[in-house]
Amino acid sequence: MVPEAAEPHRLPRAWRGFLAAAAILVTAYVALSRSPVAQAWMFLGMSAIELGALLVALRWQGLRHQLVWRLIALAVLLNVPATVLWYWRPVVSGIAPPVPSVADALYVASYCVLLGGLYALIRSAGPARRGDPLDAGIIAIGAGLVFWVLAVDPAMNRTGFTLAGRLTVLSYPMLDLGLVAIAARMVVSGHRRTPAFWLIGASVSVQLLADLGYSTTTLQGTFRYGGWVTTLYLVQYALMGAAALHPTAADVTSGGETSSERGRGRILLLAAAAAIGPCLLLLPGVRADHDRFVVVVAGSVALVALTFLRLSRLMVDVATFRASQKQLREAELRYRTLVEHMPGVVYIAEYGENGDWVYVSPKIRELLGYTMEEWLAHPAPWSTHVHPDDLASALADERTAKQTGRPLSSVYRLRSRHGRLLWIRDEAALVPDADGTPRFWQGVMTDITPMKETEQQLRAAAEERRRLLGRLVSAQEEERRRVAEDIHDDPIQKMTAVAMRLAAFKARLDPDRRPEVERLEGSVVLAITRLRRLMFELRPAALDREGLAAALRQYLHEAADEAGFEFSLANEMVAEPGIQTRAAAYRIAQEAVANVRKHAAAARVSITLATRDEGVHVRLSDDGAGFAMAGDGSPPGHMGITAMRERAELAGGWLRIDSAPGSGTVVEFWIPDAISGALGPEPVRSGAGSLPG
């Protein structure tokens, strides 16, 4: 085995040398486009040095102990003879290999081993994080549809081959589909994003692009050795070899990425993947081919379903949030307990700004850098070291404690011998002399600088949490708006066109065959109505254009028509709240009305909107069946009320419910006019089970 001390010197040189050799080979390959034989030697040379890079890395970096790299090295080893048979031999001899051939068997085996290595890489990150499988599924289905349309379906329909030849031709794009699924899982994995990991990802991406180019050019009869497709394969070899030789190659199996699963880049990637299916449906070649059309439609439906499910996962996990809040409170309590029992600087000093110090404990050196003797010999040690801005308030605390006879408790800043400012909690009691006159302070000075810094961090963390909540609400509403627009622009328009064509078709039919078309036409109209209702519930346009009251009134009209109740809405707001506040208030009120519609059997619903305490106050009452109040105000088995309360609390507000069987229900909530604002006052109960009017 190579000594460990040699590795830090050898690896950087080997990595740089490999990059230089790879750059020379790729450049020469492109430059020698008029010499196919020379290009073949360049291609074979790159394949060989890639294998050499893997073997060197297995020995020098200890990668032979990692299953990931052993499988990748085996895949490259199988790839070398396959490359000789597929590229070098046809170019030199001019005889194309048959299909299937030994090269095909080696390539398929190489692909399978590579898939195994990449799967081991994914598994090394540990269990998938929340939301990762959905994200990977959306990306894989979107990219898989592209491969299906451009490579798999044409390969399935290709003629001129025996059954074995057709299966061989079909195996490559099918293996690419598996590689797409693995690549999608790599994108959302929790691995540390080391340079070696990025190089592996780039190598896989380039290989997918090259395979797609090879399949399409082969089907079109335009593939040629030495073109852009084979150049991409060279780049892929270079990237994988560079990944193996990079000093971070051993760390690719390490987890540790703890950043948010809602990054902007991931959201854009998911949006692009989800849009692939509808975009492919716009291609004339897809619409004209029945098999492609069916597969793309099925994939688009799956993408829509997964996207809706992913949107539901964007809701904050309240149980996790509450657990983290509890842990934070417990940590703060432990910290305070530790500080309060920590030995501080015990002292006895005369009363007054310039009083003499009689005693100070040795802890003064640890706290301020002075010895006991130096501190006691100073003519005015305390007043000299107190921060000028805090001196007046500290003296005022002394006077107040002396006048009231209560113990002194003061907080101020002291400057240490080395110029550092320390926050001090000074707690002391007056010690009287023989005749009862207060003479000395006997107390303890405790360094609370860490506690002060923690408080500042907690305030900063609270501000960050509120800011992130605002971004979360904005992202949720933006996603709802985008989905609503997509429903309006695509499914509704297409289904409306279907309804119109059915009506025209019905007019040309015999009267005895029209009932069947009329039933189908009714189903289409019902589907359009439901889609429009879903579009409105996702994001009512009136909420942005006309405000909270107009959006709620529009929703009440539809709910009242469906449930058969009367309603009134009083808008007493002096100004329209911000868009985030509007969205939060609308969602809570929407859920409350939905509960009335489903459970209350009410004849009348009343809503009042008002501006109160720099926020929005909403009161909703109905004369329905009511329910027995549980301990938290939620009826058993109903999660809607819990979701309403949690949404209000997450927005910085509160929600209260008053109900009894046969007496209707009152839902009342308040949220600040900015989600980042402070908490408003709690509602004051006027009696058992009642709410403020």
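Residues numbered from 1 in each chain as written. Predicted model: local features only at pLDDT ≥ 70, side-chain atom pairs only at ≥ 80, totals over all residues. Heavy atoms only, no water.

**Some words on the pairing of strand β8 (residues 615-622)**
- Counting buried positions along β8 gives seven out of eight residues, so the element sits mostly inside the fold.
- Joining the antiparallel neighbours strand β7 (residues 604-612) and β8 is a turn of two residues, in which D613 adopts a positive phi near 50°.
- Relative to strand β10 (residues 665-672), β8 is paired through eight bridges, and the arrangement is antiparallel. Bridge pairing links L620 to V667 in β10. (Buried < 20%, exposed > 50% of the residue type's maximum accessible area, 1.4 Å probe, protein only. Helix = DSSP H or I, 4+ residues; strand = E, 2+ residues; numbered from the N terminus. Pairing = 2+ DSSP bridges.)

**Thoughts on the confidence of the model for the protein chain**
- For the protein chain, the average pLDDT comes to 76, and 74% of its residues sit at 70 or higher.
- Across residues 1-9, confidence stays below pLDDT 50; counting only partners more than four residues off in sequence or on other chains, it has nine contacts.
- The low-confidence segment residues 258-262 (pLDDT under 50) makes 11 contacts with residues lying over four places distant or belonging to another chain. (pLDDT = per-residue confidence, 0-100. Contact = heavy atoms within 4.5 Å.)

**A closer look at the side chain of S47**
- For S47, the position within the fold is in helix α2 (residues 36-60).
- Not counting residues up to four positions away in its chain, the partners in contact with S47 are N79, V80, T83 and Y237.

**Describing the pattern of salt bridges**
- Per the counting criterion, the structure on display carries six salt bridges.
- Among the ionic pairs, E374 bridges to R417, the shortest N-O distance being 2.7 Å. One end of the pair, E374, is in helix α15 (residues 372-377); the other, R417, is in the loop between β3 (408-415) and β4 (421-432), and 43 residues separate them in sequence.
- As a salt-bridge pair, R597 and E562 come within 3.7 Å of each other at their nearest N and O atoms. Note that R597 is positioned in helix α22 (residues 579-600) and E562 in helix α21 (residues 548-563), a separation of 35 residues in sequence.
- Since its relative accessible area comes to 23%, R597 is described here as partly exposed.
- You can call E562 partly exposed: its relative accessible area is 48%. (Salt bridge = Lys/Arg side-chain N within 4 Å of Asp/Glu carboxyl O.)

**Digging into a nonpolar patch on the surface**
- There is a patch of nonpolar side chains on the surface, built from V346, V358, Y359 and V444 and spanning about 290 Å² of accessible area.
- The topology assignment puts Y359 in strand β2 (residues 357-360). (Patch = residues over 30% accessible without salt bridge, like charges linked within 9 Å, V, L, I, M, F, W, Y side chains within 5 Å. Areas by Shrake-Rupley, 256 points an atom, 1.4 Å probe, with all protein chains shown as cover.)

**Let's talk about the environment of V99**
- Of note, V99 is situated in the loop between α3 (67-93) and α4 (102-123).
- Exposure remark for V99: the relative accessible area of 37% places this residue in the partly exposed category.
- Sequence separation between V99 and T168 is 69 residues, and the spatial gap between their C-alpha atoms is 7.2 Å.

**Re the sheet that holds strand β9 (residues 654-659)**
- Spatial ordering of the open sheet is given by β6-β7-β8-β10-β9, a layout of five strands whose pairing is mixed. Two strands lie at the open edges of the sheet, namely β6 (566-572) and β9, each paired on one side alone. Averaged over all adjacent pairs, the angle separating strand axes in this sheet is 10°, with direction ignored.
- Strand direction decides the pairing type here: β6 and β7, joined by seven bridges, are parallel. Bridge pairing in β7 links E566 to R604.
- Most of the contacts of α21 go to β6, to which it runs at about 175°, and overall it touches β6, β7 and β8.
- The sheet contacts of helix α23 (residues 640-650) involve β9 and β10, and relative to β9 the element is tilted by about 150°. (Axes fitted to C-alpha atoms, helices over the stretch in contact; angles between N-to-C directions.)

**Details of the packing of aromatic side chains**
- Tallying each qualifying case throughout the model produces six aromatic pairs.
- Between the aromatic rings of Y370 and W375, the centroid separation amounts to 5.9 Å while the plane-to-plane angle is 55°, which identifies the pairing as tilted. Neither residue differs from the other here; Y370 and W375 are each classed as buried.
- Of the aromatic side chains, those joined through ring pairs into one cluster are Y29, F43 and Y237.
- The ring of W423 is capped by K452, whose NZ or CZ atom sits 4.7 Å from the centre of that ring. (Phe/Tyr/Trp six-rings, centres within 6.5 Å; stacked < 30°, edge-to-face > 60°. Lys NZ or Arg CZ within 6 Å of the ring centre and 35° of its normal.)

**Let's talk about α22**
- Look at α22: 30 Å from first C-alpha to last across 22 residues, which is about the 32 Å you get at 1.5 Å a residue.
- Of all 22 residues making up α22, 16 are buried, and the element is well covered by its neighbours.
- Looking one or two residues past α22, A601 carries a phi angle of roughly 55°, positive in sign. (Expected span 1.5 Å × (residues − 1).)

**Looking at the packing of α3 against helix α8 (residues 228-245)**
- Where α3 contacts α8, the axes come no closer than 12 Å and their chain directions differ by 150°. By the angle class used here, α3 and α8 are roughly antiparallel. In terms of crossing hand, the pair formed by α3 and α8 is left-handed. Residues W69, I72, N79, T83, W86 and Y87 of α3 pack against T230, Y237, M240, A243 and A244 of α8.
- Split into classes, the residues belonging to the contact of α3 with α8 amount to eight nonpolar, three polar and no charged. (Parallel < 35°, antiparallel > 145°, perpendicular 65-115°, else oblique. Left-handed = near helix turned anticlockwise from the far one by under 90°. Nonpolar A, V, L, I, M, F, W, Y, C, P; charged D, E, K, R; others polar.)

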